[in-house]
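A structural walkthrough
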Protein chains: 2
Amino acid sequence: MNSSRGARRGPKPNMDTRANLVRVGLEMMYSDGYNATGIQGITDRAGVPKASFYSHFSSKEEFGAEVIEAYYSRNEGRLRDIFGDRKRKPLDRLKGFFEDRIAAFRHAAFKRGCLLGNLSAEVADHSDLIRQSIAERLNGWSAFLEECLAEAQAGGDIGDQLAPAVLARFILDSWEGALLRMRAEHSDAALLDFKRVVFGRLLT
Amino acid sequence: MNSSRGARRGPKPNMDTRANLVRVGLEMMYSDGYNATGIQGITDRAGVPKASFYSHFSSKEEFGAEVIEAYYSRNEGRLRDIFGDRKRKPLDRLKGFFEDRIAAFRHAAFKRGCLLGNLSAEVADHSDLIRQSIAERLNGWSAFLEECLAEAQAGGDIGDQLAPAVLARFILDSWEGALLRMRAEHSDAALLDFKRVVFGRLLT
């Protein structure tokens, strides 16, 4: 949240307004996508004049990268809680994480999926800034899985033919793909296939 | 390509125009996404008046579903060729398919991914018509994999703990997710992770 990044026009930017714009933009981009979310719509919903956007952000692209940061930060707490719970065995933590997510998607009627995946599909080819933000955050996320898998390998819970980093990234990619099918089918079938193959076959 | 579906206004629709609109729309939606592709842009590029669009299609949504059909048809020939090649063992066909795709994405500088995944991420929550088109086509695609996996199981090439349909859908989802990371990282790393885990561990 480096406020020196925003272009300066008009009065000194208000940090509450900035945070509010990001919160509203995150909600809208997660629900409707990047191109369907206009700056005018964001400022209307945030209840500020459109010019206010440009006193905080130099472009929609810069704003999008900040939305990705906010999305990741919002989810990082849960990642830390679940993966940091050393009372549970590593595979139980990993399974617990995905079970928690499956329950959440059932609750959310199988909509929205993952913002990182959505923006990769929609924007990665058109913005290096957003593309790199996504790559960085997917990487941050898979590091949680990797640590857990390394621990499971060290404890002999799973085989060690594959590097934990490769397994972690593959599992995360598989999850992202399962979310795409979940949304197309409007059901949890893809998430249950994911769970069955990952925990019933891959991590055995 | 049921021409009776289009709303009727003005002169009798020209089927070449219709096919040209779908071809241009597919190109644009695949490259830029659904919301970034406007009807005006499609008709401009196709060199026809905007009204011509509405003599063929009642809505952008209906057009989008037809674009999905066209995309699938365009790719189905390759699926039939590769998976129908009975001279190769089933796992070699499967591996050959993904190797062919990896080579194609290298050639395409890791852009665009899969239109089915892209539209699922961007549009599935907002159009039941497009959502169901995607689900149907993902299903059609995974049937090719399923048949191949069933054959591999019957021949004892891979274990049969998991139903071929579950494995096929999981592999396809994993591929879709790998494409998302490919685009974020602008590299083939995710595709190579996919190949390593699927053929080095899952299908052994």
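It should be emphasised that the depicted structure is a prediction, and the values quoted were computed from it without experimental measurement.

1. Observations regarding unusual backbone geometry
Not every positive phi belongs to a glycine, and A:His186 is a case in point at roughly 55°. Tracing the backbone through its elements, the reader meets A:His186 in the loop between helix 8 (164-185) and helix 9 (189-202). Positive phi values are uncommon outside glycine, yet B:Phe110 reaches one of about 65°. If you trace the backbone, B:Phe110 turns up in the loop between helix 5 (90-107) and helix 6 (115-123).

2. Focus: the domain arrangement of chain A
All names here are of chain A. By domain assignment, chain A separates into domain 1 (8-58) and domain 2 (71-202). Computed from C-alpha coordinates alone, the two centres of domain 1 and domain 2 are separated by 29 Å. On the domain 2 side, the residues contacting the seven residues of domain 1 number seven residues.

3. Concerning the interface of chain A and chain B
With 42 residues of chain A at the contact, the number on the chain B side is 42 residues. No other element matches helix 8 of chain A, which puts 15 residues into the side of chain A that touches chain B. Counted by class, the side of chain A that touches chain B contains 18 nonpolar, 10 polar and 14 charged residues.

4. Considering helix 8 of chain A
The α-helix advances 3.6 residues per turn, and as a result positions three or four apart in sequence lie on the same side. Residues and elements named next belong to chain A. Compared with the 32 Å implied by 1.5 Å per residue over 22 residues, the 31 Å span of helix 8 between its first and last C-alpha is a close match. Summarising burial for helix 8: 21 of the 22 residues are buried, a large majority. Following helix 8 by one or two positions, His186 adopts a phi angle in the positive range, close to 55°.

5. Some details on the nonpolar core
Within the largest apolar cluster, 108 residues are counted, with the highest numbers of intra-cluster contacts made by A:Ile68 and B:Ile68. Filtering out sequence-adjacent residues up to four positions away, B:Ile68 remains in contact with B:Leu115, B:Leu116, B:Leu119, B:Ile130, B:Ser133, B:Ile134 and B:Arg137.

Reading the values: the criteria
Residues numbered from 1 in each chain as written. Chains lettered and ligands numbered in written order. Predicted model: local features only at pLDDT ≥ 70, side-chain atom pairs only at ≥ 80, totals over all residues. Helix = DSSP H or I, 4+ residues; strand = E, 2+ residues; numbered from the N terminus. Domains from an automatic or database assignment. Contact = placed C-beta atoms within 7 Å. Nonpolar A, V, L, I, M, F, W, Y, C, P; charged D, E, K, R; others polar. Expected span 1.5 Å × (residues − 1). Buried ≥ 20, exposed ≤ 12 C-beta atoms within 10 Å, placed from the backbone. Core = buried A, V, L, I, M, F, W, Y, C linked by C-beta atoms within 7 Å.

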